[in-house]
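# Remarks on the overall topology
Read off the chains here:
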Amino acid sequence: MTGLDNGARMYAVDPRRTSSSKFADLWLGLELGSDVALANTVGNHIISKGLQNDAFIEHSAQGYAEYVEAVSEYTLERGEALTGVPAAAIAEMAEAYATAEKAQILWTLGITEHHNAVDNVLALCNLALLTGHIGRWGSGLVPLRGQNNVQGGGDMGALPNKLPGFQNVTDPEHRAKFEAVYGVDIPAEDGIHLTLMFEAMERGEINAAYVIGENPADSEADINHARKLLSGLDLLVVQDIFLTRTAELADVVLPASVGWAECEGTVTSSERRVQRVRAAVPPPGEARHDQDIIGELARRMGYDWGHPTSEDLWEELRSLSPLHGGMTYERLESEGGLQWPCPTLDHPGSPFLHGWLWEEDLGGRAPAPFSVVGHQGPKEELTEQFPIRLTTGRSLDMYNTGVQSGGFDSPIRYGEALDINPADAAGLDLVDGEVVLVSSPRGSVEMAVRFQPDIPVGLTFTTFHFPELVDINQLTNDAWDKRSGTAEFKAASIRIDKLAPSTDPDTSELIHA
Amino acid sequence: MTAVPVTLTETTVTISVDGQNVTVPDGASVLDACTAAGVDTPTICYAENLTPVNACRVCVVEMEGSRTLVPSCSRAAEDGMTVQTDTERVRHSRKMVLEFLGSGTDLSQAPDILGWMADYGADPDRYGADRETMDEEVKVQDNLYIRDYDKCVLCYKCVEACGDDAQHTFAIAMSGRGFGNRISTEFDITLPDSACVYCGNCVAVCPTNALQFKTEFDLRQAGNWREEDQDVTRTVCSYCGVGCNLELHTQDERIVKVTSPNDHSVTSGHLCIKGRFGWQYVHGGADD
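Residues numbered from 1 in each chain as written. Chains lettered and ligands numbered in written order. Predicted model: local features only at pLDDT ≥ 70, side-chain atom pairs only at ≥ 80, totals over all residues.

If you tally the helices and strands in chain A, you get 19 helices and 20 strands. Here the C-alpha radius of gyration of chain A, 25 Å, is about what a compact globule of 513 residues would show, namely 24 Å. Over its C-alpha atoms, taken along the principal directions, chain A stretches across nearly 65 × 65 × 45 Å. Sequence separation of 24 or more characterises 68% of the internal contacts of chain A that already satisfy a separation of 6 or more. (Helix = DSSP H or I, 4+ residues; strand = E, 2+ residues; numbered from the N terminus. Rg over C-alpha atoms; globule rule 2.2 N^0.38 Å. Contact = placed C-beta atoms within 7 Å.)

Structure follows, in C-alpha cells:
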C-alpha cells in the first residue's frame, strides 16, 4: 500500500471484484479460466505496439519468433471475446506493464489451481521475458505463498523429485552427497506427489499413508472420492495438533505440537526469506515435537538418531544445500532472516533471482525459453444442467479448512455462504440468505446464498473454511494438471435449486459459524 | 536490516544538541539526532512506523532562530541547526502538556508517560478534584479488543495505523469538538458493524492502553495481568507466506497477546487479524 501511496500503479486481474481490486487503477474481471487468453492478448498487444524489449529478448531469451506467431491470433477483439475484459482495459494494462521502469506480476492460487496451471504460469513468464521485467531489483514474477513454509517445505526436499536445496533425486552425484551424510541408500527414482498418491490408492498400489499436518479429508477436491480412498487404506497414520476429519479416519493418531509457537526451527516465506521460529509455550498433554515423533519412529525401526536440536538439523542441511550454506542460526537472528541463495557466510542473501539474464554471458546458461501456450478454459464446461460457475477461495480472517482459524472469535466471520450476483439470484427467484441446493456433477450441498454485487453475473463464490457446515469440496473438480499435480479448485460448474417451500426461512444456523 | 545490493550514497548532516555535535543521515529528524546524542525525549504521538502528526507537542525543543518551540519528531535535522532540549522553556512546555493530558485522562497504564510526568514535575491534581475528566463506560463489543476512552489522549496514532500509514481501512477518525473530541467509528456504530478488519494495528500503537487486547483486559479485570512475569518470544506467523514476525507475550505458559517488532523489515510492526488474534487455537481455541 505504501507503494501505491507513492504512485505505483496496480492492475487487479480477478474474476471477483476483491478488496485488493478496489485499490487498483483498474480491475480486469476476467472470465474464470481465461488467464492464458488474457496474457497472450497482453503479449500480442505489446508486440503490436512495438513496446517489447528487443535488446533483452535478443540477448536473454529464445523461441521469440514462435511466441510472436502463437500470440498473433490473440487480438484485442479476440481477447475481449475470450476473457470478457474490455479491449481498452487490456490495452491499457499491457502498455502500462511494458512501459513501466519496473513491474512485477504477482499471483496466487487463481493461477495455479487450474487443470492448465502450468500453462497459466508460463504465459506470465512470457510477459516477463517480453518486457525484461525479470532479474532486476523491483521487477519480477512473484508467486505469493499461502502458508508460512510452503516455500521452505519445497526447499527442504518435501517434493517427490527433489532432495533438499532442489538437488535431484535422479542425479547420482547429488544422491551420493546425501547418502554419505545420511548413511543410507536413497531410492534412485522420483517418488510421486499427492495427487498421484490418491490415484495409486485407487489402483490399490498404496495401502498405507502417514499424513503430517494436513487435512486431506476436508481439503481435497471431489472430497467424497478422497475420503473413500483414505478410508480404504490398510493403515492411516495422522500426525496433527487437532483431531481433524482426516485424523478421525486414522488407525493411529500422533499428537504433534504447534510449529511456530511450541517448536524451534525455521520457516521460509514467499520471498525465500528463511527466518527462525521459536518455542514460546510447551506443547499440551502428550503432544510432542514433529522431529521427536519422527526420531522415535526411526528408533523403533532400528535407527537411533539421538536427540538432535533443530540447530543440529539445520547445520546438517547447511552442509548439504549450497543455497543455504551461509545461513547460520546466528545470522538468521541478527540479520532479520536471509533470502536464498546464500551460499557462504559472507554472502548477503539474494533479494531477487534470475539476475543472470542480464549478465554478458548469461552466467554460462542457455537463454530463457518463451513457451507457446494456448487458451483452453476450465476443464468442466458449462452445460444446460450445470449452467453456473463456482470458484472457491479464502476470506481475510480464515485459513484453509478452519482447523486453526476457527479457534478465535472473529467479529468479521460470516460463516459459509454462496456469494451470488443479485441479478442471477433474481433469475432464480432467490432471497438473500435463502438456503438452496447447490449441485455439481460430483455432489450436492445445502447452503445459504449471500447477495454480493461484487460477484459478476454467471459466477458464484464460496470459501472452503467451514467443511463442518458446508462440505464444499464435494462439488469442486479434481481434474488436475499433470505437470503440477494441482486440482482445478478454481472452476467447477454448478446448478442452484430451490429447496421445498416449507423450508424454515431462518437460516442463521447455516450462515453463522 | 535486509541486505540490498544497490544502495544510495548516504549523506549526513551535523547538528548541535545541547552543545554536543551529532551527525545523522540526511532525512533524519531532530528527534533522531536527540536520540543519537543520548538525550531521552518524551514522545506520545510519535511512532517509528507512523508518519509524525504533531498532535501531542510533548517532544518540543528550543531551536536557535525559531520563535516558537519545535516538535522534534517531525522536524528534519538540517546541517548547522542548534537545539536545546533542557531549557526552562522546554521543560515548562513539556510539563504543561503532560499535566493537561493527565488532568483529564487516566494514564495509569502508561508507565512511560507517568515516568515523564515525574521527571518534569507535572501535577494534574493541582487543578482540583472537581476538574473535568473523561468518564465513559469501556466499550467491549467483541472478543478481540476493547476501547477505554477514559485513557485516550487523542494522539491520533490509531487513526494513522487504520488509515494511510498501514491498514488503509479508514474505519476510525476524529469526531466531535473540544472535550467531546473522540476517536470514533462512523456515527459511533459498533466496531463489528464498522469497516474495521480487526488487524489490531491501532491497538499495537496505542500509548496509553485506551485500546487494549481483550485478553489483557480480562486478565487485568481479574487482577492477574503480571507483566513482570511475562516472557516475549519472537517467531513467525503461520497463516500466509509474507513472513510477518510475531512477538508472543506469554504468562503462565499461555500466550496473552501478540505484537510485532517495529524494526523488522517485512511489515514494520503491522499484522492482520489472523496474525494478531489467530493464535488462540494453540490453547484449544475460543468457544464459538
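Another aspect to go through is the sheet that holds strand β9 (residues 235-240) of chain A. Within a beta sheet, neighbouring strands are joined by backbone hydrogen bonds and run either parallel or antiparallel to one another. Residues and elements named next belong to chain A. One open sheet accounts for 3 strands, arranged β8-β9-β10; its pairing is parallel. The outermost strands of the open sheet, each flanked by one partner alone, are β8 (208-212) and β10 (252-255). Shown here is a sheet whose adjacent strand axes are inclined to one another by a mean of 10°, direction ignored. For β8 and β9, the ladder comprises 5 bridges, and the chain directions are parallel. (Pairing = 2+ DSSP bridges. Axes fitted to C-alpha atoms, helices over the stretch in contact; angles between N-to-C directions.)

To continue, consider the domain arrangement of chain A. Residue and element names in this part refer to chain A. We note that the domain assignment places domain 1 (2-139 + 364-369), domain 2 (150-339) and domain 3 (388-511) within chain A. Taking only C-alpha atoms into account, the centre of domain 1 sits 30 Å from that of domain 3. Listed per partner, the contact involves 15 residues of domain 1 and 18 residues of domain 3. Breaking the side of domain 1 that touches domain 3 down by element, the ones donating at least two residues are α7 (109-112) and α8 (117-131). Here the side of domain 1 that touches domain 3 is built from residues that sort into 5 nonpolar, 7 polar and 3 charged. (Domains from an automatic or database assignment. Nonpolar A, V, L, I, M, F, W, Y, C, P; charged D, E, K, R; others polar.)

Interface size is commonly expressed as the accessible area that is lost once the parts come together. All names here are of chain B. Each domain of chain B was delimited in the assignment, giving domain 1 (12-129) and domain 2 (145-283). The centre of domain 1, based on its C-alpha atoms, is set 25 Å off from the matching centre of domain 2. Taken together, the contact pairs 17 residues of domain 1 with 18 residues of domain 2.

Turning our eyes to something else, we now look at the nonpolar core. Counting 92 residues, the largest nonpolar core has A261(A), A33(B), L98(B), C158(B), C202(B) and V205(B) as its most contacted members. Ignoring anything within four residues of it in the chain, the contact list for L98(B) reads V58(B), I113(B), W116(B), M117(B), Y120(B) and A122(B). Of all hydrophobic cores here, the second largest spans 42 residues; its members include L38(A), V42(A), A61(A) and L82(A). (Core = buried A, V, L, I, M, F, W, Y, C linked by C-beta atoms within 7 Å. Buried ≥ 20, exposed ≤ 12 C-beta atoms within 10 Å, placed from the backbone.)

Residue and element names in this part refer to chain A. Across the interface, helix α5 (residues 76-83) lies against helix α6 (residues 87-99) with an axial gap of 8 Å and an inter-helix angle of 110°. On the basis of their axis angle, the class for α5 and α6 is roughly perpendicular. The way α5 lies across α6 gives a crossing that is right-handed. Listed contacts from α6 to L76, E77, G79 and E80 of α5 are A87, I90 and A91. Among the residues making up the contact of α5 with α6, the classes are represented as 4 nonpolar, 1 polar and 2 charged. (Parallel < 35°, antiparallel > 145°, perpendicular 65-115°, else oblique. Left-handed = near helix turned anticlockwise from the far one by under 90°.)

Residues and elements named next belong to chain B. Pairing in this open sheet of 3 strands is antiparallel, and the strands run β10-β11-β12 from one edge to the other. The sheet is open, and its two edges are formed by β10 (231-236) and β12 (254-259), each paired on a single side. Neighbour-to-neighbour, the strand axes of the sheet open up by a mean angle of 35°, direction not taken into account. Two strands pair when backbone bridges link them, and strand β11 (residues 245-251) and β12 are joined in this way by 5 bridges, in the antiparallel orientation. Residue L248 lies in a different strand from β12, and its bridge partner there is V258.

Here we take up the pairing of strand β7 (residues 172-175) of chain B. Residues and elements named next belong to chain B. In this sheet, strand β8 (residues 182-185) lies alongside β7 in antiparallel orientation, the contact comprising 4 bridges. Following the sheet pairing, I172 is matched in β8 by T185. Between β7 and the antiparallel strand that follows it, β8, lie 6 residues; G176 among them carries a positive phi value of about 75°.

Let us now look at the interface of chain A and chain B. Every contact between the two is made by 42 residues of chain A and, on the other side, 44 residues of chain B. Where the side of chain A that touches chain B is concerned, the elements lending two or more residues are α9 (150-155) and β12 (273-277) of chain A. Per-element tally for the side of chain A that touches chain B: the top contributor is β12(A), with 3 residues. Here the side of chain A that touches chain B is built from residues that sort into 19 nonpolar, 16 polar and 7 charged.

To continue, consider the pairing of strand β19 (residues 459-463) of chain A. All names here are of chain A. Summarising burial for β19: 5 of the 5 residues are buried, a large majority. Burial along β19 is two-sided: the residues L459, F461 and T463 and T460 and T462 are all buried. Two strands pair when backbone bridges link them, and strand β15 (residues 388-393) and β19 are joined in this way by 5 bridges, in the parallel orientation. Bridge pairing links T392 to T462 in β19. Pairing analysis gives 2 bridges linking strand β16 (residues 418-420) to β19, with the strands arranged antiparallel. The residue bridging D419 from the neighbouring strand is F461, located in β19.

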